[in-house]
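Structural overview for review
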Amino acid sequence: MADKQQIRIDQRSALGKWKMRRLRAEGIVPGVVYGHGQETIAVQLSGRELLGLIRRGTRVVELTGNGSPETAFIRDLQWDTFGHEILHVDFARVAADEKIEVEVRVELRGTAPGVEEGGVLAQLVHTVEVECLATDIPGEIRVDVRQLHLDQAIHVRDLTMPPGVRMLADPDVVVVHITKKLEEAEPAPEEAVVGPAEPEIVGRRVAEEAAETEEK
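As a starting point, this report considers the structure included with it. Note that the coordinates shown come from a computational prediction; the quantities given were computed from them, not determined experimentally.

**Observations concerning the pairing of strand β10 (residues 127-133)**
Sheet topology note: the strand β8 (residues 99-109)/β10 ladder contains seven bridges and is antiparallel. Bridging across to β10, glutamate 101 finds its partner in glutamate 131. Two elements, β10 and strand β13 (residues 166-167), share two bridges in a ladder whose sense is antiparallel. Note that in β13 the partner of valine 130 across the bridge is methionine 167.

As C-alpha cells, this is what we get:
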C-alpha cells in the first residue's frame, strides 16, 4: 500500500524558463500544490529527496515547511529526455478518507509454461486505472503467469485487486497473452542481376557520334 513520508517544500518566487533551469542546476525541482478548493501555490524542493521517494514507490506524502503540514498525492512528474532527472512535480492535496483515481503499474510474476511450449509471451498492458483511498494506493498489481499456456490470455477481469481497491479499466482488455512463434520465412532465391543495357547503348551511340564529328 501507499507509504506516506514527509518531504519539505518551500514557496517558490522564481518563475520563467531560465530561472527554472537555474534551480534545476542547483538540484532543486520546481512544482505546484493544488486542490481541495485552495489556491495553487508554486513550490520548490530537493530533487534528491524527491527522487529517493519515487524510487521507493512513495505516492502519498506529507508536505512540510510551508505552513501547516498537509497530505498530498504525487499526481504528475515531468522527466528529462533520458528519464534520469525530474523537471517538475505536481502535488494534489488529498484527505485520508478521500478516494482518488490513479494509474498503477502491472508486474508479471513467475514463468509461463506456454513459453516452453513454443510460444511468445507479450504484455499488452503495463498500467491500469484503479480507485481507492489515497492511503491505500497499491505499489503494483501483480499478475501470476505460472498457469498461462500457449494460446491463453489473462484479461483485466482476471486480476486480483487488494482490499479497498476497485478496478476502473475495461474488464475485457487483454493484459498478457502467449501466442505461437511466427515461422521464419524462407529466403527468396537470388535473382540474376541484369545490367542497364539501354543506357549503355545510348552512351555508346553518343560516344560514336562525337568521334565521327571530330573526324569530319
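**A look at the layout of surface pockets**
Sizing a probe to match a water molecule and rolling it over the atoms shows the empty space that remains. The space that makes up the largest pocket amounts to roughly 300 Å³. Along the wall of the largest pocket there are 14 residues; nearest its centre are Ile54, Arg59, Ile74, Arg75 and Leu77. Put simply, the parts of the chain that give the lining of the largest pocket at least two residues each are β6 (70-79) and β8. When residues in the lining of the largest pocket are grouped by element, the largest group, six residues, is from β6. Residues that form the lining of the largest pocket fall into these classes: six nonpolar, two polar and six charged.

**Things to note about the sheet that holds strand β5 (residues 60-64)**
Read from one edge to the other, the open sheet built from seven strands follows the order β1-β5-β6-β7-β3-β4-β2, with strand pairing classed as mixed. This sheet does not close on itself; its edge strands, each paired only once, are β1 (5-8) and β2 (10-11). Here β2 pairs with strand β4 (residues 38-46) via two bridges, running antiparallel. Paired with glutamine 11 across the strands is valine 43, a residue of β4. Packed onto the sheet, helix α1 (residues 17-25) meets β3 (28-35), β4 and β7 (86-93) and runs at close to 115° relative to β3.

**Here we look at the sheet that holds strand β12 (residues 153-155)**
Overall, antiparallel pairing links the three strands, which are arranged β9-β14-β12 in an open sheet. With partners counted over all chains shown, the strands left at the sheet margins are β9 (119-123) and β12, one partner each. When the angles between neighbouring strand axes are averaged without regard to direction, this sheet yields 15°. Summarising the sheet, β9 and strand β14 (residues 174-180) pair through five bridges and their orientation is antiparallel.

**A short note on helix α2 (residues 47-55)**
Every buried residue of α2 is accounted for by Gly47, Leu50, Leu51 and Leu53. Considered in projection along α2, the buried side chains sweep an arc of 160° and stay on one side of the axis. Away from its buried face by more than 90 degrees, α2 exposes Arg48 and Arg55. Elements that come into contact with the buried residues of α2 comprise β1, β3, β4, β5, β6 and β7. Two or three places before arginine 48, at the opening of α2, serine 46 has a side-chain oxygen 3.4 Å from that residue's backbone nitrogen. Positive backbone phi, approximately 80°, marks glycine 57, located one or two places after α2.

**Concerning the side chain of histidine 88**
Along the chain, the position of histidine 88 falls in strand β7. Here the side chain of histidine 88 touches aspartate 90 through a polar contact of 3.2 Å, side chain to side chain. When near neighbours in sequence (up to four residues on either side) are disregarded, histidine 88 contacts Arg12, Val29, Pro30, Gly31, Val32, Asp76, Leu77 and Gln78.

Reading the values: rules and limits
- Residues numbered from 1 in each chain as written.
- Predicted model: local features only at pLDDT ≥ 70, side-chain atom pairs only at ≥ 80, totals over all residues.
- Heavy atoms only, no water.
- Pairing = 2+ DSSP bridges.
- Helix = DSSP H or I, 4+ residues; strand = E, 2+ residues; numbered from the N terminus.
- 1 Å grid on protein atoms, 1.4 Å probe; cavity = no way out; pocket = protein on both sides within 12 Å on 5 of 7 lines; lining within 4 Å.
- Points joined across faces, edges and corners; volume = space filled by probe spheres on them.
- Nonpolar A, V, L, I, M, F, W, Y, C, P; charged D, E, K, R; others polar.
- Contact = heavy atoms within 4.5 Å.
- Axes fitted to C-alpha atoms, helices over the stretch in contact; angles between N-to-C directions.
- Buried < 20%, exposed > 50% of the residue type's maximum accessible area, 1.4 Å probe, protein only.
- Arc of directions from axis to C-beta.
- Polar contact = N/O pair within 3.5 Å; in protein donor to acceptor, adjacent residues only side chain to side chain.

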